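Here is what each chain is made of, one letter per residue.
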Amino acid sequence: MMLFTQTRGLPVITAEEAATLGTVDGLTIDARTRSIACLRLAGARKGRAVIDWSAVEAVGHDAVIVRSRVAAESGPGDVPEHREAVGSRVLTEHGVEHGTVKDVGFDPGSGRVLTLYTALGDIAGDHLIGLGSYAVVVRGERG
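From a predicted model like this one, the values you see are computed outputs, not experimental measurements.

Asker: Describe in detail the packing of aromatic side chains, supporting the description with residues and values.
Answerer: With the rule as written, the count across this model stands at two aromatic pairs. On the basis of an interplanar angle of 75° and a centroid distance of 5.6 Å, the ring pair of Phe4 and Phe106 is categorised as edge-to-face. With Phe4 in helix H1 (residues 4-7) and Phe106 in strand E9 (residues 97-106), this pair connects stretches of sequence that are 102 residues apart. An aromatic cluster is defined as three or more aromatic residues linked by ring pairs; in this entry it consists of Phe4, Trp53 and Phe106.

Asker: Account for the pairing of strand E8 (residues 89-92), naming residues and giving values.
Answerer: Where E8 meets E9, two bridges bridge the pair, whose relative direction is antiparallel. Bridge pairing in E9 links Arg89 to Thr100. Counted between consecutive antiparallel strands, the loop separating E8 from E9 contains four residues, among which Gly95 sits at a positive phi close to 90°. Pairing between E8 and strand E13 (residues 136-138): three bridges, direction parallel.

Asker: Residues and numbers for the pattern of salt bridges, please.
Answerer: Using the criterion set out here, one finds six salt bridges in the structure. One salt bridge connects Arg83 with Glu81, and the closest N-O pair in it is separated by 3.4 Å. Taking relative accessible area as the criterion, Arg83 reaches 26% and is therefore assigned partly exposed. A relative accessible area of 57% places Glu81 in the exposed class. Between Glu97 and Arg89 there is a salt bridge, with the nearest N and O atoms lying 1.7 Å from each other. Glu97 gets classed as partly exposed once you look at its relative accessible area, which sits at 40%. Residue class for Arg89 comes out partly exposed when judged on its relative accessible area of 26%. Among the charged side chains, a salt-bridge network with shared partners connects Arg8, Asp25 and Glu84.

What counts and what doesn't
- Residues numbered from 1 in each chain as written.
- Predicted model: local features only at pLDDT ≥ 70, side-chain atom pairs only at ≥ 80, totals over all residues.
- Heavy atoms only, no water.
- Phe/Tyr/Trp six-rings, centres within 6.5 Å; stacked < 30°, edge-to-face > 60°.
- Helix = DSSP H or I, 4+ residues; strand = E, 2+ residues; numbered from the N terminus.
- Pairing = 2+ DSSP bridges.
- Salt bridge = Lys/Arg side-chain N within 4 Å of Asp/Glu carboxyl O.
- Buried < 20%, exposed > 50% of the residue type's maximum accessible area, 1.4 Å probe, protein only.

So yeah, pure geometry; function would need other evidence.
Put into structure tokens, the structure is as follows:
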């Protein structure tokens, strides 16, 4: 498992050309699939700031590896709007507060969101319902 905060600032390197494309500036979550949709880059050439998750080969503690410059530049298809999860308030679908997101744990192979670490406890990734400008919305515990 990797954390969103561990990926920020990592270099993004192509496997085929060993070229550095930029550094990870953020990860965009697709709430429908509860997984990472794309990487957002800092220091990338103009127009190359988003890389679809399908181009990612590996995520490690020292770098993110993408297949090739061609795969990275093919661009993402239908990317959800980027919303910063870390730091966002958390609400259940019934409007109950659950603190703020401190970090997000994900599977570096599949990009699947595993855990939302909040100020009031951990929430399983499969409870994620939505991610908007106001809050991360999660399924509440059944009572």
